[in-house]
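Analysis of the macromolecular model
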Amino acid sequence: MKKLPDGFLWGGATADFQFEGGFNEGGRGLLSHDFETDGTIEQPRYHTMQMPNGSIIKPRSSFFYADPVPQDAKPVFLDDHYYPSHQAVDFYHRYKEDITLMAGMGFNIFRFSICWSRIYPTGLEDTPNEEGLKFYDAVIDELEKYHIQPLITICHDELPMELALKYNGWANRQVIDCYLKYCQTLFKRYGKRCKYWLTFNEINAVRGFGPCGIRESNGKMRYQGAHNMFVASAKAVKLGHEMMPGSMFGAMYAMSELYPATCKPEDMFHHLQQRRENWYFIDTMARGYYHPYAKEVWHHHGFDNLEISEDDKQILKEGQLDFVSFSYYRSNTTKAGDPWFNVGGSANPYLENTPWGWPIDPLGLRYCMNEIYDRIQKPIFIVENGIGAIDKADENGYVEDDYRIDYLQQHLSAMADAILIDGVDCLGYTMWGPIDLISLSTGEMKKRYGFIYVDMDDKGNGTLNRTKKKSYYWMKHIIETNGEALEEPLTNKK
Ligand code: BGP
């Protein structure tokens, strides 16, 4: 039996700069992601920046330790470039229709991120932008109509551009205060209406200029930036608990499973070290202290210590997370001698890949859930999962996405086994991109995750009309049976 415990949370997840659009409306300021172009796997997306002498440079944006951005480079929009965050898929204007569609599937939770620069346009203002706050009031009003509770990501891989330029992003501790001012505003405004909060998205991906606003690709500066984010998160958790009794806080980690390529002891040990590149983040934030192996992690990134004060250590202890949330898309395989932190460096001959080369591994999800729960002993929450695929819509916009149904059926079954057989305490599941949205890694539209098709191409052309795919009806049935229907054969799903 796959029937999940009563109260299990079912829903979808989105991020503002991939979903909302309206980038210059409602008083919103500019974000680091607004300067990212579209791209493909072969031609990665980049930021457009201009040097004082007028020359244009194009630093890569979303890779681990992306290209450095020179101190005197300024972001610039180029006429012949397309910037996907500007329109995204226009949730900003279509939120009522979108929420009605999600409600139609029976969602009882919706994970979305608040756009920091919609609330504090540069991050530096003393008072928030009322128009931005009103937009999210309206979103939550709409959710409440359908008894869908919000799961709010406070910061999804983004920074108001001004903070990136003025402070070198999270490398500077001043950003901690800007973040806390923003958190306090959110808790005051939405605290009575939102129980579940995520302080940061995929905080273990200390990468690119976009997410953390750090110009250098230097390991120490990035890990110092991550430490500053740990302190910011812990302070937010403490403040949130004080302002909103009963609230629950998590942070989100990119937690693909990782396997050793063979049972050769050197491969096994390399695997242990590589896995710690992720545990480093979860352990520090969920257990509230740096584990001794942290020094070994730093060593591999070329430095021996960080600035960590006694006050920092105290706040890490006081602001521990209530639950651990993570994204799971794939597993990776590693062996001794692979370049450091080159996840997916070794192929797994037992798995098939998505068109974007991501290995499909449902059992890896069960493995991962157990691994986290065994280690941290706090509830977990799967806040992203799904398959990016190329959908072919018919003339009515309808997509027969059996491959998506297969992927989800297998992953949700593995999740149910982890909960019902292994005893993992899992709060819920929010599928990534329930309505097609912009890909984070490539900026493409054709990498689609949704149950709902959006008529738009990689350059933003199309009607943006929404149409239910075959998987919409399948997922609706899974949710209404609280997982029991996962055991039904995959036929006649509509
Ligand atoms: C996670 C991000 C999301 C999302 C997802 C899928 O890393 O938190 O923002 O986009 O991955 O990745 P992609 O869009 O690159 O397919």
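Anyway, here's the lowdown on the structure attached to this text. (Residues numbered from 1 in each chain as written. Predicted model: local features only at pLDDT ≥ 70, side-chain atom pairs only at ≥ 80, totals over all residues. Heavy atoms only, no water.)

Considerations on the packing of aromatic side chains
To keep it simple, the criterion reads: Here is the rule: rings of Phe, Tyr and Trp (six-membered ring for Trp) pair when centre to centre is within 6.5 Å. Planes less than 30 degrees apart are stacked, more than 60 are edge-to-face, and the remainder are tilted. The numbering of helices and of strands both runs from the N terminus, where a helix is a DSSP run of H or I of at least 4 residues and a strand a run of E of at least 2. Our definition puts a charge over a ring when NZ of Lys or CZ of Arg is within 6 Å of the ring centre and also within 35 degrees of the ring normal.
Considering all chains together, one arrives at 40 aromatic pairs under this definition. Taking 4.7 Å as the distance between ring centres and 20 degrees as the angle between the ring planes, the aromatic pair formed by phenylalanine 19 and phenylalanine 91 counts as stacked. Remark: phenylalanine 91 occurs in helix H2 (residues 91-104) and phenylalanine 19 occurs in helix H1 (residues 16-19); sequence separation between them is 72 residues. Members of the aromatic cluster, joined through ring pairs, are Phe19, Phe91, Tyr92, Tyr95, Phe110, Phe112, Phe135 and Tyr136. Directly above the aromatic system of tyrosine 120 lies the positively charged group of lysine 181, at a separation of 4.8 Å from the ring centroid.

Here we look at empty space enclosed by the protein
Heads up, the condition is: For each structure, a 1 Å grid was placed over the protein atoms alone; sets of points admitting a 1.4 Å probe that cannot get out are labelled cavities, open sets with protein on both sides within 12 Å along at least five of seven lines are labelled pockets, and lining residues have an atom within 4 Å of a point. Grid points are joined across faces, edges and corners, and a volume is the space filled by probe spheres set on the points.
Under the definition given, this model contains six cavities of 30 Å³ or more. For the largest cavity, the calculated volume is near 90 Å³. What lines the largest cavity is a set of twelve residues, among which Asn201, Glu202, Ile203, Pro211 and Met229 lie closest to the centre. As a volume, the second largest cavity reaches approximately 50 Å³.

Comments concerning the environment of glycine 302
Residue position: glycine 302 is located in the loop between helix H10 (294-300) and helix H11 (310-318). In this structure, the C-alpha to C-alpha distance between glycine 302 and lysine 220, residues 82 residues apart in sequence, is 7.2 Å.

Quick word on the packing of helix H4 (residues 130-145) against helix H6 (residues 174-190)
Defined as follows: Throughout, an axis means a line fitted to C-alpha atoms (over the contacting stretch in the case of helices), and angles, computed between N-to-C directions, take values from 0 to 180 degrees. For classification purposes, an angle smaller than 35 degrees is called roughly parallel, one larger than 145 roughly antiparallel, one from 65 to 115 roughly perpendicular, and anything else oblique. A crossing counts as left-handed when the near helix is turned anticlockwise from the far one by less than a right angle, and as right-handed when that turn is clockwise. Whether two residues are in contact is decided by their heavy atoms, any of which lying within 4.5 Å being enough. Ten residues, namely Ala, Val, Leu, Ile, Met, Phe, Trp, Tyr, Cys and Pro, are considered nonpolar, four, namely Asp, Glu, Lys and Arg, are considered charged, and the remaining ones, Gly among them, are considered polar.
At a closest axis distance of 11 Å, the pairing of H4 and H6 adopts a crossing angle of 45 degrees. Here H4 is positioned oblique relative to H6, judged by the angle of their axes. Handedness of the H4/H6 crossing: right-handed. Where H4 approaches H6, its residues Glu130, Gly132, Leu133, Lys134, Tyr136, Asp137 and Ile140 are matched on the opposing element by Thr185, Arg189 and Tyr190. Looking at side-chain class alone, the contact of H4 with H6 contains four nonpolar, two polar and four charged residues.

With respect to the layout of surface pockets
The space that makes up the second largest pocket amounts to roughly 220 Å³. Forming the boundary of the second largest pocket are Gly288, Tyr289, Tyr290, His291, Pro292, Ala294, Lys295, Trp298, Ile308, Lys313, Leu316 and Lys317. Those elements giving two or more residues to the lining of the second largest pocket turn out to be H10 and H11.

Digging into the pattern of salt bridges
A side chain with one charge can pair with a side chain of the opposite charge if their charged atoms come near. Cut-off, in case you're wondering: We define a salt bridge as a side-chain nitrogen of Lys or Arg found within 4 Å of a carboxyl oxygen belonging to Asp or Glu. Remark: exposure states derive from per-residue accessible area (1.4 Å probe, protein chains only) relative to the maximum for the residue type, with buried under 20%, exposed over 50%, and partly exposed in between.
One pass over the full model with this rule turns up 33 salt bridges. Between glutamate 257 and arginine 275 there is a salt bridge, with its nearest N and O atoms 3.5 Å apart. Here the residue glutamate 257 occupies a position in strand S9 (residues 257-260), and arginine 275 occupies one in helix H9 (residues 265-287), the gap between them amounting to 18 residues. Arginine 275 shares its class with glutamate 257; the two are buried.

Notes on the sheet that holds strand S12 (residues 380-384)
To keep things clear, this is the line we draw: Note on pairing: two strands pair once DSSP finds at least 2 bridges between them.
Strands sit in the order S1-S5-S6-S7-S8-S10-S12-S13 around a closed barrel of eight strands; the barrel is parallel. Averaged over all pairs of adjacent strands, the angle between their axes in this sheet comes to 25 degrees, without regard to strand direction. Two strands pair when backbone bridges link them, and strand S1 (residues 9-13) and strand S5 (residues 109-113) are joined in this way by three bridges, in the parallel orientation. Pairing of glycine 12 across the sheet is with phenylalanine 110, part of S5.

Some words on unusual backbone geometry
Residue alanine 88 is not a glycine yet carries a positive backbone phi of 45 degrees. Even without glycine at this site, asparagine 482 takes up a positive phi of about 50 degrees. Structurally, asparagine 482 can be placed in the segment after helix H14 (470-480).

A word on the side chain of histidine 301
So the rule is basically this: Polar contacts here mean pairs of N or O atoms no more than 3.5 Å apart (in protein, one a potential hydrogen donor and the other a potential acceptor; neighbouring residues in sequence count only if both atoms are side-chain atoms).
Its location among the elements puts histidine 301 in the loop between H10 and H11. For histidine 301, a relative accessible area of 12% puts it in the buried group. In terms of polar contacts, histidine 301 uses its side chain to reach the side chain of glutamate 277, at 2.9 Å.

Here's the deal with the packing of H6 against helix H8 (residues 219-243)
Where H6 meets H8, the axes come as close as 10 Å, and the angle between the chain directions of the two elements is 25 degrees. When the interaxial angle is binned, H6 and H8 end up roughly parallel. Judged by the twist between their axes, the crossing of H6 over H8 is right-handed. Of the residues in H8, those in contact with Ile176, Tyr179, Leu180, Cys183, Gln184, Phe187 and Lys188 of H6 are Asn228, Val231, Ala232, Lys235, Ala236, Leu239, Gly240 and Met243. Considered class by class, the residues forming the contact of H6 with H8 number ten nonpolar, three polar and two charged.

What to know about the pairing of strand S11 (residues 331-334)
Side chains Ser331 and Thr333 project from S11 onto one buried face, and the interleaved Asn332 and Thr334 project onto a second face that is buried too. In this structure, S9 lies alongside S11, joined through four bridges in parallel fashion. Counted as the bridge partner of proline 260 is threonine 334 from S11.

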